[in-house]
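Given next are the chains, with one letter for each unit.
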Amino acid sequence: MSVPRATIGGVLNFTAIDFETANNSPASACSVGLVKVRGGRVVERASWFIRPPAGHDAFLEWNTRIHGIVETDVTHAKSWEQQYPDLVAFADGDVLVAHNARFDMGVIAGGCAATGIEIGEHHSMCSLQVARKTYTLDSYRLPVAAQAAGFSGFQHHDAAADAEACAAIVVHAAGFHGVPTVEALGAVTRVTINPVRARVEKPRSATPQPRLSRRPMVFSD
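Residues numbered from 1 in each chain as written. Predicted model: local features only at pLDDT ≥ 70, side-chain atom pairs only at ≥ 80, totals over all residues. Heavy atoms only, no water.

Chemist: Let's hear about the overall build of the chain: which residues, and what values?
Modeler: A count of helical and extended segments in the chain gives seven helices and six strands. Helices (α) and strands (β) of the chain occur, in sequence order from the N terminus, as β-β-β-α-α-β-α-β-α-α-α-α-β. Buried residues in the chain amount to 49% of all 221 residues. The long-range fraction of contacts in the chain, counting pairs at least 24 apart against all pairs at least 6 apart in sequence, stands at 73%. Just so you have it, the chain exposes about 10900 Å², and 48% of that area is on carbon and sulfur atoms. (Helix = DSSP H or I, 4+ residues; strand = E, 2+ residues; numbered from the N terminus. Buried < 20%, exposed > 50% of the residue type's maximum accessible area, 1.4 Å probe, protein only. Contact = heavy atoms within 4.5 Å. Areas by Shrake-Rupley, 256 points an atom, 1.4 Å probe, with all protein chains shown as cover.)

What follows is the structure, given as structure tokens:
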């Protein structure tokens, strides 16, 4: 696995994040990966399983085929209510960067809404959008964009590995554009850093999965 070198000074600070879900409910997080970047370098990593809340805890075959996580993997894991403070503490007020951030921020909002806990104050940046404004590629899925950033050979749909790949894209893109912060990167690429908003309504439980085919699966990230 190759890791790109940061080409900028010591103020590129953020936390990359990736969730895997048990089903199509945004409240069904079953795994999270977190990578803290300080000065353009990875300084800390964390990942853990999550036990989804009741009503959002069915493991659909479609999702398991993507990430390989099954119900027994999370039997003794912390619930969303128990682990969310750990996530907040790790991020420590950083901008949260994710590849297709709308999905991952929706998981945070969904988990909090489904369990009745107050969502923290978060802001997010989408590395997918940054990649689109930085590279010329046939696809901007995470493995392709990460390879353009010099980061390859990781296990896609492992939350920890995906978070690190996401971090690599942002570090490389900041160096490419010659900017020192995620805020400056957002400005030069016209990618907005957005607040993560609480859901007004609780998310619905999982809906039945589509009938699986034998054709290769295509993923959005």
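Anyway, onward from the coordinates.
Chemist: I'd like a description of the pairing of strand β3 (residues 41–49), backed by residues and values.
Modeler: In the sheet, strand β2 (residues 29–38) pairs with β3 via eight bridges, with the strands oriented antiparallel. Residue pairing for β3: Val35 is matched across the bridge by Arg45. Joining the antiparallel neighbours β2 and β3 is a turn of two residues, in which Gly39 adopts a positive phi near 60°. (Pairing = 2+ DSSP bridges.)

Chemist: Please provide a residue-by-residue account of the state of the cysteines, values included.
Modeler: The final tally for this structure, using the stated rule, is zero disulfides. No disulfide involves Cys126; its sulfur sits 8.0 Å from that of Cys166, the nearest cysteine. Its relative accessible area of 1% is what places Cys166 among the buried residues. (Disulfide = S-S within 2.5 Å.)

Chemist: Which residues make up the packing of helix α6 (residues 159–177) against helix α7 (residues 182–189), and what are the values?
Modeler: At a minimum axis distance of 10 Å, the contact between α6 and α7 shows a crossing angle of 65°. In the crossing of α6 with α7, the sense of the turn from one axis to the other is left-handed. Residues Val170, Ala173, Ala174 and His177 of α6 pack against Val182, Leu185, Val188 and Thr189 of α7. Here the contact of α6 with α7 is built from residues that sort into six nonpolar, two polar and no charged. (Axes fitted to C-alpha atoms, helices over the stretch in contact; angles between N-to-C directions. Left-handed = near helix turned anticlockwise from the far one by under 90°. Nonpolar A, V, L, I, M, F, W, Y, C, P; charged D, E, K, R; others polar.)

Chemist: Help me get a handle on the environment of Gly186, residues and values and all.
Modeler: Tracing the backbone shows Gly186 in helix α7. A relative accessible area of 6% places Gly186 in the buried class. Along the sequence, Gly186 and Val130 sit 56 residues apart, while their C-alpha atoms lie 7.7 Å from each other. Ignoring sequence-local partners within four residues, the contact set of Gly186 consists of Met125 and Val191.

Chemist: Help me get a handle on the sheet that holds strand β1 (residues 14–21), residues and values and all.
Modeler: Taking strand neighbours across the sheet as the criterion, the six strands line up as β3-β2-β1-β4-β5-β6 in an open arrangement whose pairing is mixed. The open sheet terminates on both sides in strands that have one partner only, identified here as β3 and β6 (194–195). Relative to strand β4 (residues 95–98), β1 runs parallel, the two being bridged by two bridges. Paired with Thr15 across the strands is Leu96, a residue of β4. Helix α2 (residues 80–91) contacts β1, β2, β3 and β4 of the sheet and is inclined by roughly 15° relative to β2.

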